[in-house]
Amino acid sequence: MEKYGDESFINLLRESREDADRDIRNGKILAAGKILAFREREIIKNLLWMWLPDEFGPLSKEMARLKYFNENRPDIIYTNAKTTVNVTFSYKFDRLEEGHEEEIRDYMAGIVMRLHPGIFITEKNVTEAGGHSLAWFDFVTPALDTDIYNLMFLTSLKGRLLMGGFNCLDEDQEEWKELFIQMLGTVRF
């Protein structure tokens, strides 16, 4: 018999803390101090699917202009309610043949370092998903009043460059980086 009505929530918190791998495909997980459910979403019609948190929705065009003031902003942006955690995609016309993902990743990492002197690349890696290599790197950039953790990924999709990214407040990096990498692993072409 539940005395206060919070027992089921407390039990879920305990189970989530005990579940070391926190697999996003296994239902609800505890993340960022709340329970998140993930599901597969179609990102690019008939071409690309990825698991995202249920609560994430498309960022409005007006908000995208404020958040990404460069005219070369991502084509598709999903975000949480507070717009502090974002997942972005841009399907470019630039050619990228399979097998060159790490080369383009290293090139893009160099551009990021030139654009933001003083930052450094934290990690470079490759995640295999859907029979494709998604090469990624991560870094922290300064913003107006905080630092932003970024994980950028690149892959070939039908011979064209697909660029994507995840970002959150740097203070939330520890919570979200693992989830971002899991989301990458759910990509389906």
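Let us look at the structure shown here.

Reading guide: rules and limits
Residues numbered from 1 in each chain as written. Predicted model: local features only at pLDDT ≥ 70, side-chain atom pairs only at ≥ 80, totals over all residues. Heavy atoms only, no water. Buried < 20%, exposed > 50% of the residue type's maximum accessible area, 1.4 Å probe, protein only. Helix = DSSP H or I, 4+ residues; strand = E, 2+ residues; numbered from the N terminus. Pairing = 2+ DSSP bridges. Contact = heavy atoms within 4.5 Å. Axes fitted to C-alpha atoms, helices over the stretch in contact; angles between N-to-C directions. Expected span 1.5 Å × (residues − 1). Salt bridge = Lys/Arg side-chain N within 4 Å of Asp/Glu carboxyl O.

Overview of the pairing of strand β10 (residues 160–169)
At step 1: The element β10 is largely enclosed, with a buried count of nine among its 10 residues.
At step 2: Here seven bridges tie strand β6 (residues 86–95) to β10, and the two strands are oriented antiparallel to one another. By the bridge assignment, V87 is partnered in β10 with F166.
At step 3: Bridge count between strand β9 (residues 147–157) and β10: 10 bridges; the pairing is antiparallel.

Details of the environment of I76
At step 1: Looking at where I76 falls in the secondary structure, it is placed in strand β5 (residues 76–79).
At step 2: Here I76 falls in the partly exposed class, since its relative accessible area comes to 24%.
At step 3: For the pair formed by I76 and K61, sequence separation is 15 residues and the distance between their alpha carbons is 9.8 Å.
At step 4: Ignoring sequence-local partners within four residues, the contact set of I76 consists of I43, I44, V87, T88 and F89.

Observations concerning the sheet that holds strand β2 (residues 34–44)
The strands making up a sheet are joined through hydrogen bonds of the backbone, oriented either antiparallel or parallel.
At step 1: A sheet is described by the order of its strands in space; here three strands give the open sequence β1-β2-β3, paired in antiparallel fashion. With one partner strand each, in any of the chains shown, β1 (28–31) and β3 (48–53) form the two edges of the open sheet. Put simply, the sheet's adjacent strands are angled 40 degrees from each other on average, direction ignored.
At step 2: Taken together, the six bridges between β2 and β3 define a ladder with antiparallel strand orientation. Along β3, the bridge assignment pairs R39 with L52.
At step 3: Sheet contacts for helix α4 (residues 173–185): β1, β2 and β3; angle to β3, the most-contacted strand, approximately 155 degrees.

Observations regarding the sheet that holds strand β7 (residues 121–129)
At step 1: Taken together, the seven strands give an open sheet; going across it, the order is β4-β5-β6-β10-β9-β8-β7, and neighbouring strands pair in antiparallel fashion. Among the strands making up the open sheet, the edge pair consists of β4 (57–58) and β7.
At step 2: Sitting on the sheet, helix α3 (residues 101–115) touches β7, β8 (132–142), β9 and β10, and the angle it makes with β8 is about 10 degrees.
At step 3: Across the sheet, α4 lies against β7, β8, β9 and β10, angled at about 155 degrees from β10, the strand it touches most.

A few points about α4
At step 1: Look at α4: 18 Å from first C-alpha to last across 13 residues, which is about the 18 Å you get at 1.5 Å a residue.
At step 2: Taken as a whole, α4 has its buried residues at W176, K177, L179, F180, Q182, M183 and L184.

What about the environment of F166?
At step 1: Among the structural elements, F166 can be located in strand β10.
At step 2: For F166 and L179, which are 13 residues apart along the polypeptide, the C-alpha to C-alpha distance reads 10.0 Å.

Description of the pattern of salt bridges
Opposite charge on two side chains permits pairing when their charged atoms draw close.
At step 1: Across all of its chains, the model carries 12 salt bridges by this definition.
At step 2: Here E40 and R188 are joined by a salt bridge, their closest N and O atoms 2.9 Å apart. Taken together, the positions of E40 in strand β2 and R188 in the segment after α4 put the pair 148 residues apart, joining distant regions of the chain.
At step 3: We classify R188 as partly exposed; its relative accessible area is 38%.
At step 4: In this structure, the salt-bridge partner of E102 is R105, at a minimum N-O distance of 3.8 Å. Placement of the pair is E102 and R105 together in helix α3, with a separation of three residues, close to one helical turn.
At step 5: Through salt bridges that share partners, E102, R105, D106 and K124 make up one connected network.

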